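Chains, contacts and geometry: an overview
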Amino acid sequence: MRTQDTDTSSASTASSGETVTNDTASDPHLEEDPVLKVRDLKKYYPITGGLFKTKVGEVKAVDGVSFDVRRGETYAIVGESGCGKTTLGKTIARLHAPTSGTVEFDGTDISSLGERELKPIRREIQVVYQDPTSSLNPRKRIKDIVAEPLIVHDIGSKAERSERVKSLLKRVDLPVDFLYRYPNELSGGQKQRVAIARALTLNPTLLVLDEPTSALDVSVQAKVIALLEELQRDLNLSYLLITHDLSLTKNIADRIGVMYLGKFMERANAAELFRSPQNPYTEQLLSAIPIVEQSEAELKPEKIQIRGETPDPSDPPSGCSFHPRCHRAIDACSSDEPSLVDVGADHDSRCLLHGDGDDSSDT
Amino acid sequence: MSDPLLEISDLHVDFNTYDGRSKVINGVDLHVDEGETVAIVGESGCGKSVTAETIMSMLPQPPGEITGGELRYRGEELLGDPPAHKRVKAESMGMIFQDPMTSLSPVFTVGEMMRDVLTYNGKTEVGWLELGKSVLGRRGADEKAMRERSIELLDRLQIPDPEGVLDRYPVELSGGMRQRVLIAMALLGEPEFLIADEPTTALDVTVQDQLIELLREQIDREGLSMLYITHNLGVARRIADRIYVMYAGEIAEVGTRDEILDEPLHPYSRGLIDSIPKLTAFQREGIDGLLPDYTEPPQGCRFHPRCPAAMDGVCDGEKPPLYEPADGHQVACYLYDDQMNAQDALEVAQTEIEFEGGSLDHPEVSSSLGDETAAESADRTEMNEPTSGQTDGGNR
Ligand SMILES: Nc1ncnc2c1ncn2[C@@H]1O[C@H](COP(=O)(O)OP(=O)(O)O)[C@@H](O)[C@H]1O
Ligand code: SF4
Ligand code: SF4
Ligand SMILES: [Mg+2]
């Protein structure tokens, strides 16, 4: 995560501890040694119906998504409810199997591994969910919640586990006497710290953070975000941050993928996305941000008349799936499907208005 | 200046809980002028909804109890006069709730619900007089007229195929459409004053944007006044003329939208606004600590245990009065005094108030965690192992 808001023209924002090439001509996907490499990932859910629960259709929750997460960076997936961002996170963490496509973690394709081969990978990729109240077992004490991954993976003696749990609580700035408490004795922010501690138990490389602070009040959120940034710096973690809060991503993400109905509409370096959004959907999202301070006004696009809501994902519109809501749509948009095209360094967008540009190599 | 449309003065509301008496609303003053939209902002559990419930005479009593204060609508006192409160509510007020799924009935169609609102205007205990008026008077339309009026309103809220929607159940509609139906229902009784409690909180930004726009249009078109409750300061900027910042059942600061959001004076307002990730910047300091336990609220300024500018022997003594450095911009904080003008006050705010950095937040366990029920907190106290208790300040 970036510690400062950089609004420079540099195409890449180096994150702490890592040098990222600043060569504007280089294809981001040729990036050497990304920690996560997702290619054409699809996850379809069957829709069943009738007496015998036969398949009557499918929801293309994730429909051909490609991106890389570099070591030590924060890659944000933004989009509105139902766009598939949670499914994307879960599929990457292999909480369910993808329909097709590949997920390479540290050079190993984990998309089709079985449960036994996945076990070592599970230590490396951990997930933190939005609602700590439902993700923490209410009948367990904090010490057992945080130690659970150690027990599952059969790591350490009892004493070692207990030491590890203590140091983890410290790591997330919770006092040691929380060990003996139950989740419902803690505030929302404290519970989320416990969830983060548990995710760190096995020294992961990548954290999937699914709306990690959305359930918290902003004064608490700020501190949890600061903690996540500190952990990232200290432990060289990579984050896949799933969120609907664009202002948050502007401040903490290195790169951003904007998702709509299972697909990326735009992918860019964070500073670049806010400075020069290329996709009409991104424009709408930015224009709808309810700004707090007057000084923010000049940093977002002109007011756009927005209409409609995300359509039923089991029956997406033809052509460009955004066309019924798009303020720039042309006739072709209802029949022709745009693909992601290169619109700048480390910047792609999916829109017919970009013309035939170079198809992005991987989509 | 003419009388405000709605005025609350020195409101006190307690709750009787298992943990004791919760002194939630502690001397709130607030007014809404004719044609004005006023927002109450603050984090969860600060008392926004309790304030709204008091105005709408929807406070559950018990456990709630109004222990002091007045609520005047066009000068008429309502808290001491329940029949008058009911009448004013039916004739003049409309309410838009946060969650359409719980506030819309699952078993009736949109049309049936709207017809009920038109017939009884939402009351189950209407008096004969009101019922008579409602049947014969301006709302006493027959079936066809009611249907027409419903369609007209749904149409005004840009609901496609309003006639079809009348025959649909709420579950069959999208979140944004349900919220529009709720707004339409609030407008059915032709209110002159609307209360909205977090009506867009559950919605996506693009849908929220459309709804605020629509609500704004209706307000302007009918010349309505509105009290809009939200924890989202960006939404408050879009909709409100003036903003009240609430903390732990008290008004910390009130002023115009720009005064509050661009030049806040109260330490809580500043901490809150700084904590929000913005397009310009994001301060990660946050605010140390948690909302206090309402059964034992801090003496003096309720914010003092969390305030980086707190002064020993001052802030923990008497409740701070409201200082008014600019006309209508009031702040309840001892950093200010009656001699200061707007410029002086802003300088004080900029030099005296500095939130501590670092990622540490507060280790204490509050026994009043926002929206939990009394039963839950009772449960929790039972299970408590040795606690560090309520400690002040941020870092351990
Ligand atoms: N029916 C109730 N019984 C007991 N306590 C209540 C009740 N309603 C609200 N409270 C308490 O009053 C305080 C303020 O709540 P509320 O007005 O809902 O806050 P907000 O709307 O600002 O989030 C909280 O501590 C809450 O737990
Ligand atoms: S392809 Fe057409 S509908 Fe889709 S984003 Fe571009 S202009 Fe809009
Ligand atoms: S300075 Fe004192 S009165 Fe002002 S907010 Fe802080 S504690 Fe309250
Ligand atoms: Mg509320």
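Residues numbered from 1 in each chain as written. Chains lettered and ligands numbered in written order. Predicted model: local features only at pLDDT ≥ 70, side-chain atom pairs only at ≥ 80, totals over all residues. Heavy atoms only, no water.

Residue and element names in this part refer to chain B. Residue position: T37 is located in strand β3 (residues 37-41). By relative accessible area, which is 0% here, T37 ends up buried. Those residues in contact with T37 that lie beyond four places of it in its chain are R216, I219, M226, I239, A240, D241 and R242. (Helix = DSSP H or I, 4+ residues; strand = E, 2+ residues; numbered from the N terminus. Buried < 20%, exposed > 50% of the residue type's maximum accessible area, 1.4 Å probe, protein only. Contact = heavy atoms within 4.5 Å.)

Moving on to the sheet that holds strand β1 (residues 36-49) of chain A. Residue and element names in this part refer to chain A. Pairing within the open sheet is antiparallel, and its four strands lie in the order β2-β1-β4-β5. On the outer flanks of this sheet lie β2 (54-69) and β5 (108-109), each paired with one strand and no other. Bridge analysis of β1 against strand β4 (residues 100-105) gives five bridges, and the strand direction is antiparallel. From the neighbouring strand, R39 faces β4, where its bridge partner is T102. (Pairing = 2+ DSSP bridges.)

Surveying the vicinity of ligand 2 reveals the residues P280(A), C320(A), H323(A), C326(A), R328(A), A329(A), C333(A), P338(A), C351(A), L352(A) and L353(A). Counted by class, the shell around ligand 2 contains nine nonpolar, one polar and one charged residues. (Near = heavy atom within 4 Å. Nonpolar A, V, L, I, M, F, W, Y, C, P; charged D, E, K, R; others polar.)

The next subject is the sheet that holds strand β12 (residues 329-331) of chain B. Residue and element names in this part refer to chain B. Pairing is mixed across the open sheet formed by eight strands, whose spatial order is β6-β7-β8-β3-β9-β10-β12-β11. Every other strand in the sheet has two partners, leaving β6 (93-96) and β11 (323-326) as the edge strands with one partner each. Strand-to-strand twist across the sheet, computed as the mean angle between neighbouring axes with direction ignored, equals 20 degrees. Examined bridge by bridge, strand β7 (residues 193-197) and strand β8 (residues 225-230) share five bridges and lie parallel to one another. Considered in β8, the bridge of I195 is made with L227. Contacting β6 and β7, helix α2 (residues 82-92) runs over the sheet at an angle of about 75 degrees to β6. (Axes fitted to C-alpha atoms, helices over the stretch in contact; angles between N-to-C directions.)

Here the focus is the domain arrangement of chain B. All names here are of chain B. Per the domain assignment, the segments of chain B are domain 1 (6-239) and domain 2 (258-274 + 279-367). Each partner contributes residues to the interface: domain 1 has 17 residues there, and domain 2 has 12 residues. Between domain 1 and domain 2, the buried area comes to about 1300 Å², and carbon and sulfur atoms account for 51% of it. When the area that domain 1 buries against domain 2 is broken down by residue, the three leading residues are E43, L233 and R237, summing to 38%. For D262, the salt bridge goes to R237, with nearest N and O atoms at 2.9 Å. (Domains from an automatic or database assignment. Buried area = accessible area lost by both parts, 1.4 Å probe. Salt bridge = Lys/Arg side-chain N within 4 Å of Asp/Glu carboxyl O.)

The omega torsion of the bond from Q61(B) to P62(B) falls at -10 degrees, within 30 degrees of zero and hence cis. One can find P62(B) in the loop between α1 (48-55) and β4 (64-73). In this structure, P63(B) follows P62(B) across a cis peptide bond, with omega equal to 5 degrees. Along the chain, P63(B) turns up in the loop between α1 and β4. Phi is positive for N236(A), close to 50 degrees, though the residue is something other than glycine.

This brings us to the UniProt feature "domain: ABC transporter" (unreviewed entry) in chain A. The feature "domain: ABC transporter" (unreviewed entry), as annotated in UniProt, sits at residues 36-286 of chain A in this numbering. As annotated, residues 36-286 of chain A comprises 39% helix and 28% strand, and the C-alpha atoms at either end are separated by 27 Å. (UniProt positions renumbered as here; feature names shortened; annotations may be inferred.)

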